[in-house]
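Chains, contacts and geometry: an overview
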Amino acid sequence: MRSILDLVLPNRCAGCDTPATAWCTECAGALKVRAVPRPGLGAAAFALAGYEGAARRLVLAYKEKGRRELSVPLGRAFAHALPTIRAGPYVVVPVPSRPAAARARYGQHMTAVARACATALVHAGHRAAVAPVLRLSGRARDSVGLDQDERVANLSGRLRCTGPAPRSAILLDDVITTGATAAACVAALRHGGAEEVTVLAFTAT
């Protein structure tokens with residue numbers, strides 16, 4: 001029997017609309033770590049899915065449709081994947097959003113995901129922490145519709161590391177497109193003192 005809360009605020013899988021779950025086991029089981037080759041990135045990069053189907057719908061539901069609770073399944077998916085990529089301990093660094101985008105949503109959306117990821121890693125017996133040390137200037141434009149060169153120019157001088165970067169960092173992002181944002185983040189982390197950076201995105205185009 002469905003509760004009154006389910007009738008008022010129905011919880012459905014963001015990927016396939018299955019009722020009574022935010023992200024069903026079938027959609028979660030379809031995720032698979034894959035390498036994402038991006039020349040000039042300066043770090044190894046991986047993604048859990050292509051930017052299509054259920055994975056794309058989850059990202060859009062979380063970023064654009066106010067489904068804040070999806071930070072937890074996103075974080076758990078990252079936590080499940082990380083030990084298959086490299087050994088811990090893990091210090092996860094969220095890719096920052098523009099201040100205007102963060103205000104329009106509910107704060108820095110990848111920071112919430114990074115915290116859920118670290119929590120899941122700790123519960124699984126790993127050492128993990130979050131280091132939200134990257135900042136994106138409000139002068140940066142929305143990158144939607146920009147090509148590779150325009151994205152690079154848009155981020156130039158506008159993305160920085162605000163404190164000492166972790167020596168070994170895991171950069172978390174929702175989508176890798178051209179790789180310009182990830183490359184700028186990797187460069188900022190290395191400038192801040194990171195010696196090793198691994199990029200892990202939920203989806204990649």
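Reference entry: report on the structure contained in this document. Think of each chain on its own: its residues are numbered from 1, step by step along the sequence as written. Only residues with pLDDT of at least 70 get local features here, since the model is predicted, and only at 80 or more are side-chain atom pairs given and counted; chain-wide, interface and lining totals rely on the full set of residues. Only heavy atoms go into the side-chain values, all of them from the structure, while hydrogens and water stay out.

**Digging into the nonpolar core**
Keep this limit in mind: For the purposes of this section, nonpolar cores are sets of buried Ala, Val, Leu, Ile, Met, Phe, Trp, Tyr and Cys residues that join through side-chain atoms within 4.5 Å. Type-normalised accessible area, obtained with a 1.4 Å probe on protein chains alone, sets the label of each residue: buried when under 20%, exposed when over 50%, and partly exposed for intermediate values. Numbering of helices and strands starts at the N terminus; helices are DSSP runs of H or I of at least 4 residues and strands are runs of E of at least 2.
Counting residues in hydrophobic clusters, the biggest one holds 36 residues, and the most contacted among them are F78, L172 and F202. Looking at this core, the elements that each hand over two or more residues are strand 2 (44–50), helix 3 (53–64), helix 4 (71–85), strand 3 (90–94), helix 6 (109–123), strand 7 (168–176) and strand 8 (196–204). Per element, the largest residue contribution to this core is 7 residues, and it comes from helix 6. By size, the runner-up hydrophobic cluster in this structure holds 28 residues, among which are L159, A165, A169 and L171.

**Some points on unusual backbone geometry**
Here G88 and P89 are connected by a cis peptide whose omega angle stands at 0°. Tracing the backbone through its elements, the reader meets P89 in the loop between helix 4 and strand 3. The backbone of D17 sits at a positive phi, close to 75°, despite the residue not being glycine. Position of D17 relative to the elements: it lies in the loop between helix 1 (4–8) and helix 2 (25–29).

**Points about the packing of aromatic side chains**
Rules: Stacked, tilted and edge-to-face are the three classes applied to pairs of Phe, Tyr and Trp rings, where Trp contributes its six-membered ring and a pair requires centres within 6.5 Å; stacked means planes under 30 degrees apart, edge-to-face means over 60, and tilted covers the rest.
Under the defined criterion, the tally for this structure stands at 2 aromatic pairs. For the pair F78 and F202, a centre-to-centre distance of 6.3 Å together with 80° between the ring planes defines the contact as edge-to-face. With F78 in helix 4 and F202 in strand 8, the pair connects residues that are 124 residues apart, well separated along the chain. On the basis of relative accessible area, F202 is assigned to the buried category, the value being 0%. Linked through ring pairs, W23, F78 and F202 together constitute an aromatic cluster.

**Notes on the sheet that holds strand 2**
So the rule is basically this: Two strands qualify as a pair provided that DSSP identifies no fewer than 2 bridges between them. A contact between two residues is defined here by any heavy atoms of the two lying within 4.5 Å. Axes, fitted as lines to C-alpha atoms, cover a helix only where it is in contact. Angles between the N-to-C directions of the axes lie from 0 to 180 degrees.
One open sheet holds the 6 strands; their spatial order is 1-2-8-7-3-4, and the pairing between them is mixed. What marks the edges here is a single partner per strand, and that holds for strand 1 (34–35) and strand 4 (128–130). Sheet analysis places strand 7 next to strand 8, joined by 8 bridges and oriented parallel. In the sheet register, D173 faces strand 8, and the bridge partner there is A201. Across the sheet, helix 3 touches strand 2, strand 7 and strand 8, and the angle it forms with strand 8 is around 100°. Of the strands in this sheet, strand 3, strand 7 and strand 8 touch helix 8 (residues 180–191), which is tilted by about 160° from strand 8.

**Regarding the pattern of salt bridges**
Where we set the bar: Counted as salt bridges are all cases of a side-chain nitrogen of Lys or Arg within 4 Å of a carboxyl oxygen of Asp or Glu.
A full pass over the atoms with the stated rule returns 4 salt bridges. With a closest N to O distance of 2.5 Å, R67 and E69 form a salt bridge. In this structure, the salt-bridge partner of E195 is R167, at a minimum N-O distance of 3.7 Å. Of this pair, E195 sits in the loop between helix 8 and strand 8 while R167 sits in the loop between strand 6 (159–161) and strand 7, and the two are 28 residues apart along the sequence. Judged by relative accessible area, which is 55%, E195 ranks as exposed.

**Quick look at the state of the cysteines**
In plain terms, the rule: Note that a disulfide, as used here, is simply two cysteine sulfur atoms within 2.5 Å.
As enumerated under the stated definition, the model contains 0 disulfides in all. Cysteine C185 shares no disulfide, and the gap to the nearest cysteine sulfur, in C161, comes to 9.9 Å. The buried category is assigned to C185, whose relative accessible area is 0%.

**Some details on the side chain of T198**
Using the following cut-off: We call two N or O atoms a polar contact when they sit within 3.5 Å, provided that within protein one can donate a hydrogen and the other can accept it, with sequence-adjacent residues counted only if both atoms are side-chain atoms.
Its place among the elements puts T198 in strand 8. Overall, T198 belongs to the buried group, its relative accessible area being 7%. Among the polar contacts made by the side chain of T198, one reaches the side chain of R86 at a distance of 3.3 Å. Other than its neighbours up to four places away in sequence, T198 contacts A44, F46, I85, R86, A169, I170 and L171.

Purely geometric numbers; function is a separate question.
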